[in-house]
Each structure stands twice: as C-alpha cells, then as structure tokens.
Amino acid sequence: MYPGVWTTYILILFFSWLLVLSVFGCTPGTAWTVVNLFHFAITYHFFHWKKGTPFADDQGMYNGLTWWEQMDNGKQLTRNRKFLIVVPVVLYLIALHTTDYQQPMLFLNTLAVSVLVVAKLPNMHKVRIFGINAEN
Amino acid sequence: MVRLPYTTALTTLFSYGLLFAFGQLRDFFRKFVDWFKAKNVKGYAPICLGLEDFYVRRLYLRIQDCFGRPIASAPDSWFDVVERISNDNNKTLQRTSHTTRCLNLGSYNYLGFAAADEYCTPRAIESLKKYSASTCSVRVDGGTTKLHAELEELVARFVGKPAAILFGMGYVTNSAIIPCLIGKGGLIISDSLNHNSIVNGARGSGATVRVFQHNSPAHLEEVLREQIAGGQPRTHRPWKKIIVIVEGIYSMEGELCKLPEIIAVCKKYKAYTYLDEAHSIGAVGQSGRGVCELLGVDPADVDIMMGTFTKSFGSCGGYIAASKDIIQHLKHTCPAHLYATSMSPPAVQQVISAIKVILGEDGSNRGAQKLAHIRENSNFFRSELKKMGFEVLGDNDSPVMPIMLYNPAKIPAFSRECLRQKVAVVTVAFPATPLLLARARICISASHTREDLVTALDVISRVGDLVGIKYFPAEPPKIAEVGHNKLE
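Everything numeric in this text was worked out from a predicted model, so none of it was measured. (Residues numbered from 1 in each chain as written. Chains lettered and ligands numbered in written order. Predicted model: local features only at pLDDT ≥ 70, side-chain atom pairs only at ≥ 80, totals over all residues. Heavy atoms only, no water.)

**Some details on the overall build of chain A**
In step 1: Regarding its fold elements, chain A presents 5 helices and 0 strands.
In step 2: Taken from the N to the C terminus, the helices and strands of chain A come in the order α-α-α-α-α.
In step 3: The principal-axis extent of the C-alpha atoms belonging to chain A is close to 50 × 35 × 25 Å.
In step 4: When the 136 residues of chain A are sorted by exposure, 38% land in the buried category.
In step 5: At a minimum sequence separation of 6, the contacts of chain A that also span at least 24 residues come to 58%.
In step 6: As displayed, chain A offers around 8,100 Å² of accessible surface, 71% of which is attributable to carbon and sulfur atoms.
In step 7: Side chains of chain A carry 9 positive and 6 negative charges; the gap between the two charge centres is 6 Å. (Helix = DSSP H or I, 4+ residues; strand = E, 2+ residues; numbered from the N terminus. Buried < 20%, exposed > 50% of the residue type's maximum accessible area, 1.4 Å probe, protein only. Contact = heavy atoms within 4.5 Å. Areas by Shrake-Rupley, 256 points an atom, 1.4 Å probe, with all protein chains shown as cover. Lys, Arg positive; Asp, Glu negative; His and termini not counted. Charge placed at Lys NZ, Arg CZ, Asp CG, Glu CD.)

Next up, the structure:
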C-alpha cells in the first residue's frame, strides 16, 4: 500500500551488514551470520510473538492475532507475505555462501531459517504449538 | 492509492522505523525499571495492555506540545496562545500565565464571524439577556424558542430546501441522523475520505457500508452496479434503500467534491444523496450558499443537505435541510432531537445574524464583501505558496489548504518554529491522515488582511527552507517587462 516498504527493508538489512562489519571487524561471512541471527530474533519477536496493534482505536479486536496473522487482513499468500517468506531464505543462502558452509554457522543459520519459514506457512495461521503465546 | 515521491517515501518509512525502534527499546527498559513497582490489583483485567497505547505513549506524547494548544482570546485573525512548559520531557504540560499574540491560520473562521462583529455581537448579547445561556430543556419539551423556529426557516431558505432541523453539535448531526435514515437491509456508499462523524453514523446504523475511491464518479458507478446486481449479502434480496454520502469540501484535502457527476450517477441508479457541507456552507459560492451554488447543482437534486454552524457562522451546532416529509420523520425519530438539550439561544441568534449579514438582509453589503475577501485571500495564498515550491493540496476557491510535510520529524519542527515566529498553524498526522502523508493545514479567513497574509507567507517560506518541505521547484522571479520590450 505504501511505496518503498520492501526497498526500505532490504536497505536496512544491507546497511546493518555494513555496520556489523565496521564495528566488529570480522569476516563478511560472520557479519552475514550475525545479521541473519539478529534478523531472526527481531522478526520473530515482532511478527510471530507480539500480538494486537499499537493503537487503541480498534478496541482490542486483534488482541489474539500476531502481526503476521493480521497482515493483509488475514489473506494468505499475498505478494507481501511471499516477499517476506523469500527474504529469510535469501539471507540464509547469502550467509551460507559467504561462510563456505562451515559448522557452527551452518547449524545456527539453518535453525533460524527453518523456524522463520515454518512460522510463516499458511497452515500455521492461528496455530499455537503447546499453547505457547496463546493468552491475550 | 498513496501518491508521494519515492525517496520521500523511503526516508519517511525510515524515520518511522527509527521512532518505532527507540520506542520499543524504551518500553523494554521500562519493564525492568517498573518490575519492583508491581501494583497489587489481583483479579482485575488491565484497563489497557502495554502495547495498545504504544503509538500514543512513544510517538504522540513526544510532540504533544504541537497539539491542543490552549488559547486565551477569541479566535480572530490574531489571537493569544497560552505558553506551556514541560518538566518531564513532554509527558505532561503545564500552562504558564504568559500568552503570545500569534497570527491565526488554524481556526475555522472562514467569514470572520469568530470575533466580535458589529451586527452579530449586540444581538447575541441581547438574546443572552432575554433567553439566558441555556434552554435547560429538550427540543420537544420546552426547549424550542422563537429563535429556534426562526433559524430553521432561515436555514431552509438560505440553503434552498423546503425545511430544516437544528442540532446542538455538528458531530452529533451526522452520527445521530444517519441511523434514523437507514437501517439493516440498506446500503451506505461513502467516500473513502469521509469524516469520522459520518463513519461513526454509518457504523451505528447497522446498514451495510461500502466505500468508493475518493472523488471518483467512475468508481462510484462501478460500486453501485456491483452492489445493486448482488443485492443484500447472503440473501441477495434487493436493497431496501441506497444512500451515497459525500462531503462538499474535504477538510484534510481542501478538494471540492465532483458533485454534478456524482449526482448524475446517483440519479441514474436511483440512489439517495447526502451532502455534508460542513466546510463549504457560507464559505464558497457566489452568495455563500455552498458547493451547490459553486458547481451549478440544483439543491432539489440533493436529497439531504447537512451542514454545521461552527465554520462560517462563528457559532456551534449543525443542521439538516431536506424535504418537509424527511424533516418531519427526523423530528419524530432522531434521538438528538428527542433527548438532547437544544441549542443555546445566544448561539442560535449568532447564526441568525450571521446568515442575515451574508444574505445582505442587515442592510449593508458586508456579506458580499466578506465572500469576495475570502475568495481573493484563498486564491492569493494558494498561488503564492505554490510559487514558492510547497506542495499544496486542494482546488482553487477552497479556503482550506494542506501543505504536505510527510516526514514525522518535520511536524514538530514546522509547528514549533512557526510558533516561535508568532504564526500558529495546525499540523495533522496519523491517524487523521494516512501514515506517510502528514500535513500542516491552513484555514484562510475573510478577516485576514493582505499584510497578514504576506507576513504569514514570509514566515512559512523561511520555516519551509529550514525544515526542507519545498518539494517542488520554486518559480523564478519574473524579469521586468520593460527590459523585455527594450531588447526588441
């Protein structure tokens, strides 16, 4: 709906990679792994953990739905959702390629991408495994 | 459809992202600080969850000194704004006893009746002495004075309809009338940028509500065809009635409604029309009779005309003007008429006097002068702003002009800097406008003199340069005509 949201997202990821590289002074591969893991933590928290909306006008109508479930009014597999499923996968591929598939990074990156992609599948709409995060 | 330059969209999204990130960080640390102050209200549900008012706490409160500024005088073209200070970084504001005299570009004072007027004020004071400040009664009990009856006839005559009914509040006029006109089984088609009072009334009526793209008669026709063909949801029976609701001037856009085309579409499909002239009655049109006069539409073609007395008449309250049957029905069913206190008599007298001045029935031509003034002022101001390179919305002749700001940080920058230079403007952000389209809204008045406008233009130009909102290239100053001729 608003122009430039996807571009802003990609630019934030790219600039945070540059930031990690300059602050820690590590190899590019480790920097991509760090970006991938932070991206995992932040997007999991905001898309799949926090529920409700930041404004009180709707009187708590969406208090049981995470932000991922509220997106596009609950319609599955819209362009936005497909884009947001592809981004963690692409980050994963870039991180693996730049670390040459070495061990500790391989495991962490795979864990991040599998959790994120499974959480975004249409079959997981409104599913709460073991009742985690089910209360309003 | 949101229209703004691409780089501006990127920077605005980035600003909001940054504000959001900082707000989340602060909330995160606040949870630790407040861990030990756990209040013991066991068993009671929280009044509001921490995340519900995130927008208010972390975005709105940071700039709340730009909104809700108290004033200490009548809202004339120059007025006194009370200074406020904050000791806890804008979480709370305290009024001081200092006031600043500022140029008023925010009040709805289109014809200048908001301050003392030589014809209206003595009569309002007289009616205050005779009828007192309140009727202390409901319209149907003892609250209809001679003034109320006189104003209803006068409004009906002014607008060009057979009858009219008054209400004490403009917002209530929309939200309490629409449920009386239509109910379950009916269809309301309303413009996508309609005012909150109309949205509230439509939701409260129980009818099905559909929205058509702002000011687009083609899309209205598409929606009408689809809905009439489909009928009511699930049963597919024909709709009991269809009402199309539009506004005369949209207050956040300053645009005029495309009334002739919309009326033509509604007549073709036999839908009723409801026109909300809150900002246009008294302010546009050759003799001030609103959008119908300006665009050449016969008032008999619009089924229900609604308006308010707050903007052009310097009073409070609203009216509905329609055929005698509709008004009779409303008088018997509308809760705002049956259970709400009637309009205050001095306020009624103020409107009567204001309408008499506009019509010229007070024996002078001040009404025509005021109308000419506001037209000249609006067109002058708008064209000068556009020449300076600002992005100004709205049509010519409309006294409302929003200047686009877009970025959330420019809202407090523009507002505070203008106040420092003694110009008071109103800035609007989410949720009154879409998220990326924050704006400063200027309302021109007939009581602004040419010097006031030039001062305002000067200040706005300087502040605009500082804040960086001249999104369009400015027109270069014209070379003197004499020089041109000499070359030939």
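**What about the packing of aromatic side chains?**
In step 1: Under the criterion given, the structure shown has 19 aromatic pairs over all chains.
In step 2: A ring pair is formed by Trp6 of chain A and Phe83 of chain A, whose centres lie 4.2 Å apart and whose planes are at 5°; its orientation type is stacked. In this pair, Trp6 of chain A sits in helix α1 (residues 5–24) while Phe83 of chain A sits in helix α4 (residues 79–99), placing the two residues 77 residues apart along the sequence.
In step 3: The partly exposed category is assigned to Trp6 of chain A, whose relative accessible area is 31%.
In step 4: Three or more aromatic residues joined by ring pairs make a cluster, and in this case those are Phe14, Phe15, Trp17 and Trp32 of chain A.
In step 5: The residue whose ring lies beneath Arg123 of chain B is Tyr119 of chain B, and the NZ or CZ to ring-centre distance is 3.8 Å.
In step 6: Against the face of Phe380 of chain B rests Arg450 of chain B, its NZ or CZ located 3.9 Å from the ring centre. (Phe/Tyr/Trp six-rings, centres within 6.5 Å; stacked < 30°, edge-to-face > 60°. Lys NZ or Arg CZ within 6 Å of the ring centre and 35° of its normal.)

**Some remarks on the interface of chain B and chain A**
In step 1: With 20 residues of chain B in contact, the opposing surface of chain A contributes 19 residues.
In step 2: Contact between chain B and chain A buries roughly 1,600 Å² in total, counting both sides, with carbon and sulfur atoms accounting for 69%.
In step 3: When residues of chain B are sorted by the area they lose upon contact with chain A, Leu13, Leu51 and Glu52 of chain B head the list and together hold 31% of the total.
In step 4: Across the contact surface, chain B and chain A share 0 salt bridges.
In step 5: Where chain B packs against chain A, one counts 3 residue pairs in polar contact (both at pLDDT 80 or more).
In step 6: If you list the elements that add at least two residues to the side of chain B that touches chain A, you get α1 (6–33) and α2 (54–60) of chain B.
In step 7: Considering every element that reaches the side of chain B that touches chain A, the biggest residue donor is α1 of chain B, with 7 residues.
In step 8: Considered class by class, the residues forming the side of chain B that touches chain A number 17 nonpolar, 1 polar and 2 charged. (Buried area = accessible area lost by both parts, 1.4 Å probe. Salt bridge = Lys/Arg side-chain N within 4 Å of Asp/Glu carboxyl O. Polar contact = N/O pair within 3.5 Å; in protein donor to acceptor, adjacent residues only side chain to side chain. Nonpolar A, V, L, I, M, F, W, Y, C, P; charged D, E, K, R; others polar.)

**Some remarks on the side chain of Ser137 of chain B**
All names here are of chain B.
In step 1: Along the chain, Ser137 falls in the loop between α3 (120–131) and α4 (146–159).
In step 2: Classification of Ser137 by relative accessible area gives buried; the value is 16%.
In step 3: Residues contacting Ser137, with those up to four places away along its chain left out, are Gly142, Gly143, Thr341 and Ser342.

**Regarding the UniProt feature "domain: Aminotransferase class I/classII large" (unreviewed entry) in chain B**
In step 1: Feature annotation in UniProt assigns "domain: Aminotransferase class I/classII large" (unreviewed entry) to the following positions: residues 101–460 of chain B.
In step 2: The annotated region residues 101–460 of chain B carries 42% helix and 16% strand content, and the separation between its end C-alpha atoms amounts to 17 Å. (UniProt positions renumbered as here; feature names shortened; annotations may be inferred.)

**Quick notes on the confidence of the model for chain A**
In step 1: Chain-level statistics for chain A give a pLDDT mean of 86 and a share of 98% at 70 or above.
In step 2: Within chain A, no element has a lower average pLDDT than helix α3 (residues 67–70) of chain A, which sits at 87, and none a higher one than α1 of chain A, at 91. (pLDDT = per-residue confidence, 0-100.)

**Section: helix α12 (residues 345–359) of chain B**
Side chains that are three or four residues apart share a direction in an α-helix, a result of its 3.6 residues per turn.
Residues and elements named next belong to chain B.
In step 1: With 15 residues, α12 ought to run about 21 Å at 1.5 Å a step, and its terminal C-alpha atoms sit 21 Å apart, in line with that.
In step 2: Most of α12 is tucked away, with 13 of its 15 residues classed as buried.
In step 3: In the stretch just after α12, Gly360 is the one whose phi turns positive, near 85°. (Expected span 1.5 Å × (residues − 1).)

**Quick notes on α1 of chain A**
In step 1: The end-to-end C-alpha distance of α1 of chain A is 28 Å, a good match for the 28 Å that 20 residues give at a rise of 1.5 Å each.
In step 2: Within the span of α1 of chain A, buried status applies to Thr8, Tyr9, Leu13, Trp17 and Val20 of chain A.
In step 3: On its buried face, α1 of chain A is in contact with α2 (28–49) and α4 of chain A together with α1 of chain B.
In step 4: The positive-phi residue at the C-terminal boundary of α1 of chain A is Gly25 of chain A, with phi of around 65°.

**Brief notes about the domain arrangement of chain B**
It is common to give the size of an interface as the accessible area lost on bringing the parts into contact.
Residues and elements named next belong to chain B.
In step 1: Split by domain assignment, chain B resolves into domain 1 (8–13 + 46–104 + 368–467) and domain 2 (119–359).
In step 2: Averaged C-alpha coordinates put domain 1 and domain 2 at centres separated by 28 Å.
In step 3: Both faces combined, the contact of domain 1 with domain 2 buries some 1,300 Å², and carbon together with sulfur accounts for 57% of it.
In step 4: As a salt-bridge pair, Arg439 and Glu253 come within 2.9 Å of each other at their nearest N and O atoms.
In step 5: Taken together, the links from domain 1 to domain 2 amount to 7 residue pairs in polar contact (both at pLDDT 80 or more).
In step 6: Of all the secondary structure elements, the ones that give two or more residues to the side of domain 1 that touches domain 2 are α13 (366–388), β10 (400–406) and β13 (438–443).
In step 7: With 4 residues, the single largest contributor to the side of domain 1 that touches domain 2 is α13.
In step 8: Tallied by class, residues from the side of domain 1 that touches domain 2 come to 8 nonpolar, 4 polar and 6 charged. (Domains from an automatic or database assignment.)

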